[in-house]
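Here is what each chain is made of, one letter per residue.
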Amino acid sequence: MLVEISTDGGANYYPRVRVRGSAADNSFWGYDATGVASVSYLPESEEVFERANSGLLADGYSTVEITFPGSVTQVRTRITARSSSDSDTWLIDNVQLIGEYL
């Protein structure tokens with residue numbers, strides 16, 4: 001799954017977070033998994049999060065977090081799921097964009 005962000009009204013997107021299954025193949029995790037893929041919105045480059053183990057992963061990535069400073073006034077996101085086989089599925093639930101006034 002790839003999360004891309006834009007801070008210029010959608011004119012340009014850059015890849016920021018990619019969550020992959022295990023390089024060892026056949027990894028999966030439930031919504032109760034505990035892994036967090038956390039980055040700042042900069043640099044404008046992709047950061048990859050991937051577990052080494054295969055099978056059911058309790059620490060699989062269930063949360064993707066990208067933090068922005070208060071100087072960023074607009075954000076657009078694009079989420080793309082890709083599978084390595086026809087039998088794989090990605091289930092994405094509870095997407096939240098949360099602003100905090102400091």
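Preceding block: the structure.
If you're wondering where the values come from, they're calculated on a predicted model, not measured in any experiment. (Residues numbered from 1 in each chain as written. Predicted model: local features only at pLDDT ≥ 70, side-chain atom pairs only at ≥ 80, totals over all residues. Heavy atoms only, no water.)

Caption draft 1: Here's a closer look at the packing of aromatic side chains. Within this structure, the stated rule accounts for 2 aromatic pairs. Between F49 and Y61, the ring centres sit 5.5 Å apart and the planes meet at 75°, which makes this aromatic pair edge-to-face. Separated by 12 residues along the polypeptide, F49 in strand β5 (residues 47-50) and Y61 in strand β7 (residues 61-67) bring together distant segments of the chain. We classify Y61 as buried; its relative accessible area is 12%. Here the guanidinium or amino end of R51 rests over the ring plane of Y61, the centre of that ring lying 4.2 Å away. The positively charged end of R78 is found above the aromatic ring belonging to Y13, 4.0 Å away from the centroid. (Phe/Tyr/Trp six-rings, centres within 6.5 Å; stacked < 30°, edge-to-face > 60°. Helix = DSSP H or I, 4+ residues; strand = E, 2+ residues; numbered from the N terminus. Buried < 20%, exposed > 50% of the residue type's maximum accessible area, 1.4 Å probe, protein only. Lys NZ or Arg CZ within 6 Å of the ring centre and 35° of its normal.)

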